[in-house]
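What follows is the residue order along each chain.
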Amino acid sequence: MNTAQAIAFQILQSVLVVLAAPLLVGWVNQCRAWLQNRSAPSILLPYWTLAKLFHKEPVIAHGASPLFRATPYILFGCMWLAAGIVPVLATGLPFAPAADIIALVGVFALARVFSALAAMDIGTSFGGLGARREMLIGFLAEPAMLMTLFTAAFISGSTQLTTIVDTLGHREFALYPSLAFAAVAFLMVLLAENARIPIDNPTTHLELTMVHEALILEYSARHLALIEWAVAIKLFAYVTIGIALFVPWGIAEGGDWHALPLAVGVLVAKLALAGAGLALIETLLAKLRLFLAPEFLSTAFLLGVLGMLTHFLVRG
Amino acid sequence: MSLVHAALSPLVGALVLAVLWLAIAAASLVPAGNAAFARRFAFPLGALAGVALAVLGLQAVWLPAQTLTLPLGLPDLPFHLRTDPLAGFFLMLLGSVSAGISVYAAGYFRAEPSGRLVLISLQYHVFLASMAFVLLADDAYLFMVSWETMALSSYFLVITDHKQPAIRSAGFLYLLIAHLGAIAILLCFGVLHGGRGDYSFDALRAVQLQPAWATVAFLLAFFGFGAKAGILPLHAWLPEAHPAAPSPVSALMSGIMIKTAIYGMVRVIFDLMGNVRWEWGMVVLVIGAATTLFGVLYALQQHDLKRLLAYHSVENIGIILLGLGMSMVFIGFGHPAAGVLGLIAALYHTLNHAVFKGLLFLGAGSILRSTGLRNLNDMGGLIHGMPKTAFYFLIGALAISALPPLNGFVSEWLTFQTALQATILQNGIVRSLLPLFAATLALAGALTAMCFVKVYGIAFLGKPREPAHPSPLPHAGDAGQMERYGMAWLAACCFVLGLFPTSFLLVLNRVGVSLTGRGLSEQALAGSGWLWLVPTSAEQASYSPLVFLVVIVAVTLLAFLLVRRFYHGRVRFADPWDCGYPEQTPRMQDTADAFGQSIRHVFGPLYKMDRALPGPDDKAPRYFLKIEDRHWYWLYLPVARAAEFISAKVALLQQGRISIYLLYSFITLIALLVFVR
């Protein structure tokens with residue numbers, strides 16, 4: 001694959017991810033409605049919500065600093081960048097060497113710090129509360145995520161996500177017990193980082209329980225739209241990272257254009273399954289008390305560490 | 001010709017600049033009581049000398065080692081001076097960071113009474129010069145003289161406000177622990193020199209120690225220098241003394257002085273002793289991990305901004321030690337390439353921490369100058385009154401939180417990459433322990449981000465909390481021009497170090513080669529362009545902060561432009577949403593203590609907490625919280641009590657009668673005669 005093609009593919013993938021991300025959210029919502037015996041909204045509802053929000057006039061609190069207005073764009077930019085690193089359809093992304101898995105975790109941390117800062121900007125008690133809870137979840141989720149990724153990095157001897165996928169997906173099938181631990185840890189982190197049950201409830205506005213909604217309480221119209229869209233991209237990125245690490249089969253090798261249609265089909269099937277699984281988890285579990293969240297996440301962290309140690313033990 | 005050549009050599013140049021600092025210090029005294037001289041002349045000239053020193057240091061990294069003997073000092077004990085890549089790197093750190101701090105100091109001290117300012121300028125420049133001599137020294141004698149001068153000049157700077165008892169006792173604690181450390185270092189040199197009477201570093205290098213003695217020397221060096229660096233459990237002075245000093249001095253101490261201890265460790269362990277053992281590395285790793293977690297967890301509980309920053313210095317020393325320890329483990333097991341990578345990560349973090357911690361202390365100084373506040377719980381909304389300080393502080397906060405693409409991320413990334421080399425180790429236990437230290441680092445990094453969200457969100461964002469200071473909070477406006485120049489310089493350093501890591505990787509590789517004889521692998525050097533940072537090989541790991549920054553700025557701007565193009569740019573301003581409860585006051589915002597509450601909940605047993613929480617039906621509700629360091633209770637106070645007990649017993653000797661004292665002399669004489677014979 002020559003450079004121009006590679007860059008074209010890179011841009012195409014990033015744009016596709018950004019455009020397709022709300023679809024996954026719509027699918028999860030639809031599945032959850034079915035599981036809960038409600039009549040499901042259209043799978044396209046997130047798009048309509050975004051369009052509606054973009055048309056509205058934003059209301060900004062008096063005393064907001066420039067940071068408050070810049071944050072939605074920064075969040076969106078961070079998630080867009082993350083979408084460019086993860087090999088969703090094919091490896092061999094020319095941008096991928098610029099940021100490995102540690103930098104990927106760094107991007108998510110950057111977004112988290114900015115959203116927490118923006119929440120504290122107006123000076124309402126809710127903003128501070130949300131920021132504090134978000135950072136509480138983040139400080140455990142981030143190392144747990146790193147441990148999961150390190151397990152994969154130890155197996156493949158590389159911290160490049162594309163190399164990891166090449167190693168894990170394009171070799172003969174092998175069972176890695178360490179990856180089993182890592183997968184459980186990753187799932188827990190995914191739930192926490194994306195404000196899902198049992199850590200947070202994306203549909204609630206109850207002040208005692210909310211985390212993510214408290215952070216963005218002051219945002220409206222296009223700013224809110226950008227944040228919601230960024231959240232959708234984040235979920236998409238996390239799910240595709242999970243796919244890349246634990247079920248990478250079907251991701252096309254760099255430059256293999258003929259494998260792409262198959263890769264698209266496989267990806268859609270995996271995403272549909274993952275979305276349905278997410279809806280199932282959210283239906284079956286109840287939300288944890290806030291102070292059980294650290295326990296939940298330290299379990300994830302320890303599982304991640306355990307996975308890493310298992311790798312060394314099994315290897316001898 | 002040779003004279004010109006000598007004058008251009010980095011060693012002579014650095015010596016001249018160090019002497020220039022001494023001259024500035026002396027000159028501060030001459031126009032007695034002339035504060036304008038110190039402000040307009042002494043500090044800016046000191047800053048210029050710093051820039052020149054940084055350039056010379058960088059030059060020294062690329063040149064072979066140079067030595068010089070000065071016929072000063074005691075008879076038969078001349079001063080030996082030397083520059084090599086390691087000293088050059090630290091001279092660069094000293095020069096570049098002190099330049100920013102000196103420029104800032106020129107503005108910061110503008111309201112200082114002239115008598116005090118003259119003294120500060122004297123001590124400040126002696127302090128700078130003594131640090132330069134510590135780095136230049138090539139014998140134990142000059143090293144110890146400069147080391148002690150550094151400790152004393154910084155002690156006097158710490159007690160600038162000596163009329164407050166708290167500051168006097170902080171200064172005393174600092175002096176005490178500094179001297180404990182100095183004794184250990186002195187003993188270490190004693191062990192190293194092996195009874196040959198020659199204390200030049202060349203002679204110390206030549207001595208071959210037995211393994212047991214080598215371990216003793218290592219422990220003495222590690223804890224001796226560690227006392228200055230603030231490792232656990234010798235950290236207690238750091239959160240007391242650093243905040244007590246005037247802010248530019250805090251920046252110098254946290255930014256540069258504790259780094260001379262890292263220099264000392266590397267110099268003694270890697271250079272003078274050589275033959276690094278992996279067990280030593282494990283000691284460094286365990287202490288480093290404990291220091292890291294301790295520092296950040298206590299930082300999260302502080303509401304005094306400068307104290308909080310001091311605790312973060314403890315944490316960052318721990319991070320540096322993690323890199324250093326991994327390096328020692330790899331070198332001990334015979335993997336010099338990975339060892340050099342760890343050393344590079346540690347030294348890179350040393351430089352990074354100097355830059356961003358300097359910047360943060362300067363920002364805290366500007367807040368203090370402008371508002372008179374150090375307590376976070378009283379601040380709020382400073383971004384409106386001090387937008388420029390807020391901007392620089394944000395850069396520092398993002399850098400210390402190890403967020404890409406700034407500099408803190410690069411060195412933590414390199415440390416992670418070192419830990420991921422663990423697979424090449426033979427020893428199974430050590431191999432599986434190294435990733436645990438990486439996990440510690442990951443946890444500490446995330447906690448640091450939390451802490452700086454707290455600092456920035458509470459100090460700069462939101463609304464003023466203090467009822468006594470109705471808005472606008474900053475009485476004296478934003479930071480002055482010189483203060484801003486100083487902060488801008490350090491903020492720019494954060495970006496340069498973050499965006500062009502490969503240039504510094506090559507500089508540090510020189511240091512690694514000069515210390516261990518080996519450098520990074522061929523693939524690493526081949527893969528590293530100015531754009532790509534490749535620590536081992538391009539397949540294993542690479543990072544390009546510049547591409548990262550360009551992409552993130554580009555997509556953010558693109559999002560902005562698309563939204564503007566397809567929608568509209570209108571906004572409406574209104575009061576914040578009050579959730580149906582209109583009687584909200586700024587005091588209902590989160591405070592620094594509230595922000596730490598969740599951490600107290602999770603890590604409760606680690607703190608010694610004394611608190612009183614109001615109940616639901618208290619008539620006079622009162623909230624009280626005091627967090628103390630457990631080390632005081634199990635280490636410092638018992639030692640202090642033991643010292644008091646022993647001195648009380650020794651005091652029994654004091655009888656106040658001359659005949660008794662004559663008897664003591666007689667007994668001493670007899671005893672000496674017995675020994676001498």
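Residues numbered from 1 in each chain as written. Chains lettered and ligands numbered in written order. Predicted model: local features only at pLDDT ≥ 70, side-chain atom pairs only at ≥ 80, totals over all residues.

> Give me the lowdown on the overall build of chain A, citing residues and values where you can.
Across its full length, chain A holds 11 helices and 1 strand. Helices and strands in chain A line up, N terminus first, as α-α-β-α-α-α-α-α-α-α-α-α. For a compact globule of 316 residues, the expected C-alpha radius of gyration is about 20 Å, and chain A comes in at 19 Å, within 12% of that figure. C-alpha extents for chain A along the principal axes are approximately 60 × 45 × 40 Å. Evaluated residue by residue, chain A yields a buried proportion of 59% over its 316 residues. Pairs at least 24 residues apart make up 80% of the contacts formed inside chain A by residues separated by at least 6 positions. (Helix = DSSP H or I, 4+ residues; strand = E, 2+ residues; numbered from the N terminus. Rg over C-alpha atoms; globule rule 2.2 N^0.38 Å. Buried ≥ 20, exposed ≤ 12 C-beta atoms within 10 Å, placed from the backbone. Contact = placed C-beta atoms within 7 Å.)

> Kindly report on the overall build of chain B, identifying the contributing residues and their values.
Helix and strand counts for chain B come out as 25 helices and 5 strands. The C-alpha atoms of chain B give 26 Å as radius of gyration, which agrees with the globular expectation for 677 residues (26 Å, within 12%). In terms of principal-axis extent, the alpha carbons of chain B reach across some 95 × 70 × 60 Å. Every one of the 677 residues in chain B was classed for burial, and the buried ones make up 56%. Once local pairs closer than 6 in sequence are excluded, the contacts in chain B between residues at least 24 apart make up 78%.

> Can you tell me about the environment of N375 of chain B, naming the residues and giving the values?
Residues and elements named next belong to chain B. Note that N375 resides in the loop between α14 (336–371) and α15 (382–385). N375 sits in the partly exposed class, given 15 other C-beta atoms within 10 Å. Sequence separation between N375 and G462 is 87 residues, and the spatial gap between their C-alpha atoms is 15 Å. Residue contacts for N375: discarding those within four places in its chain leaves H303 and D304.

> Before we move on, could you go through the pairing of strand β4 (residues 608–612) of chain B and cite the residues and values that matter?
Residue and element names in this part refer to chain B. Within β4, only 0 of the 5 residues are buried, which leaves the element largely exposed. Relative to strand β5 (residues 624–628), β4 runs antiparallel, the two sharing 5 bridges. By the bridge assignment for β5, M609 is matched with I627. (Pairing = 2+ DSSP bridges.)

> Run through the nonpolar core, naming residues and quoting values.
The biggest cluster of nonpolar side chains holds 360 residues, and the ones touching the most others in it are M79, A82 and I233 of chain A together with L91, A132, A221 and C494 of chain B. Looking at which domains feed residues into this core, each of domain 1 (276–514) and domain 2 (587–628) of chain B supplies at least three. When sequence neighbours within four positions are dropped, the list of residues in contact with A221 of chain B reads I185, C188, M265, V268 and I269 of chain B. (Core = buried A, V, L, I, M, F, W, Y, C linked by C-beta atoms within 7 Å. Domains from an automatic or database assignment.)

> Would you mind going over the interface of chain B and chain A in detail, with residue names and values included?
Facing the 66 residues of chain B at the interface are 68 residues of chain A. Going through the elements one at a time, α15, α17 (407–419), α18 (428–459), α22 (545–566), β3 (572–574) and α23 (592–602) of chain B are the ones with two or more residues in the side of chain B that touches chain A. Residues belonging to the side of chain B that touches chain A are distributed by class as follows: 42 nonpolar, 17 polar and 7 charged. As paired elements, strand β1 (residues 59–61) of chain A and β3 of chain B share 3 bridges and run parallel to each other. What sits directly across from V59 of chain A, in β3 of chain B, is R572 of chain B. (Nonpolar A, V, L, I, M, F, W, Y, C, P; charged D, E, K, R; others polar.)

> How would you sum up the domain arrangement of chain B? Please name residues and give values.
All names here are of chain B. According to the domain assignment, chain B contains domain 1 (276–514), domain 2 (587–628) and domain 3 (631–676). Computed from C-alpha atoms alone, the centre-to-centre distance between domain 1 and domain 2 is 27 Å. In this complex, domain 1 contributes 13 residues to the contact, which on the side of domain 2 involves 14 residues. Residues that form the side of domain 1 that touches domain 2 fall into these classes: 5 nonpolar, 5 polar and 3 charged.

> Tell me about the packing of helix α7 (residues 177–193) of chain A against helix α9 (residues 221–246) of chain A, and name the residues and values.
Residues and elements named next belong to chain A. Remark: α7 packs on α9, axes separated minimally by 11 Å, with the N-to-C direction vectors making an angle of 175 degrees. In terms of their interaxial angle, α7 and α9 are classed as roughly antiparallel. Each of L179, A183, F186, L190 and E193 in α7 lies in contact with α9, whose residues at this interface are Y238, G242, L245 and F246. Its residues placed into classes, the contact of α7 with α9 shows 7 nonpolar, 1 polar and 1 charged. (Axes fitted to C-alpha atoms, helices over the stretch in contact; angles between N-to-C directions. Parallel < 35°, antiparallel > 145°, perpendicular 65-115°, else oblique.)

> Go over the confidence of the model for chain B, please, and point to the residues and values.
Residue and element names in this part refer to chain B. For chain B, per-residue confidence averages 88 on the pLDDT scale, and 96% of positions sit at 70 or higher. At the level of individual helices and strands, chain B shows its lowest average pLDDT in helix α1 (residues 2–8), which scores 53, and its highest in helix α13 (residues 305–332), which scores 94. Our summary of model confidence lists the complex with pTM equal to 0.93 and ipTM equal to 0.93. (pLDDT = per-residue confidence, 0-100.)

> Any details on the environment of G181 of chain B? Residues and values, ideally.
Residue and element names in this part refer to chain B. Along the polypeptide, G181 turns up in helix α7 (residues 165–193). We classify G181 as buried; it has 24 C-beta atoms within 10 Å. C-alpha separation for the pair G181 and A261, spaced 80 residues apart in sequence, amounts to 10 Å.

> Talk me through the packing of helix α11 (residues 247–273) of chain B against α13 of chain B; I want residue IDs and the actual numbers.
Between two packed helices, both the angle of their axes relative to each other and the distance between the axes serve to describe the pair. Residue and element names in this part refer to chain B. Interaxial distance between α11 and α13 falls to 11 Å at its minimum, and their mutual angle equals 20 degrees. As summarised for this structure, α11 and α13 are arranged roughly parallel, according to the angle between their axes. For the pair α11 and α13, the sense of crossing is right-handed. Every residue of α13 that contacts α11 at S250, S254, I258, I262 and M265 is listed here: K306, L309, A310, S313, I317, I320 and L324. (Left-handed = near helix turned anticlockwise from the far one by under 90°.)

> Give me the lowdown on the environment of H125 of chain B, citing residues and values where you can.
All names here are of chain B. Along the polypeptide, H125 turns up in helix α5 (residues 114–136). H125 gets classed as buried once you count the C-beta atoms within 10 Å, which come to 28. Along the sequence, H125 and Y298 sit 173 residues apart, while their C-alpha atoms lie 32 Å from each other. With sequence-adjacent residues up to four places away left out, H125 is seen in contact with W21, L22, I24, A25, A42 and G46.

> Can you break down unusual backbone geometry residue by residue, with the values?
Residues I197 of chain A and P198 of chain A are joined by a peptide bond in cis, for which omega reads 15 degrees. Secondary-structure assignment places P198 of chain A in the loop between α7 and α8 (212–215). Here the amide bond leading from L232 of chain B into P233 of chain B is cis, since omega sits at -5 degrees, within 30 degrees of zero. One non-glycine residue, N37 of chain A, lies in positive phi territory at about 60 degrees. Considering the arrangement of structural elements, one finds N37 of chain A in the loop between α1 (3–35) and α2 (45–55).

> Can you explain α9 of chain A? Please cite residues and give values.
Along its 26 residues, α9 of chain A runs 37 Å from first to last C-alpha, staying within 8% of the 38 Å computed at 1.5 Å per residue. Counting buried residues along α9 of chain A, 23 of its 26 residues qualify, which places the element largely inside the surrounding structure. (Expected span 1.5 Å × (residues − 1).)

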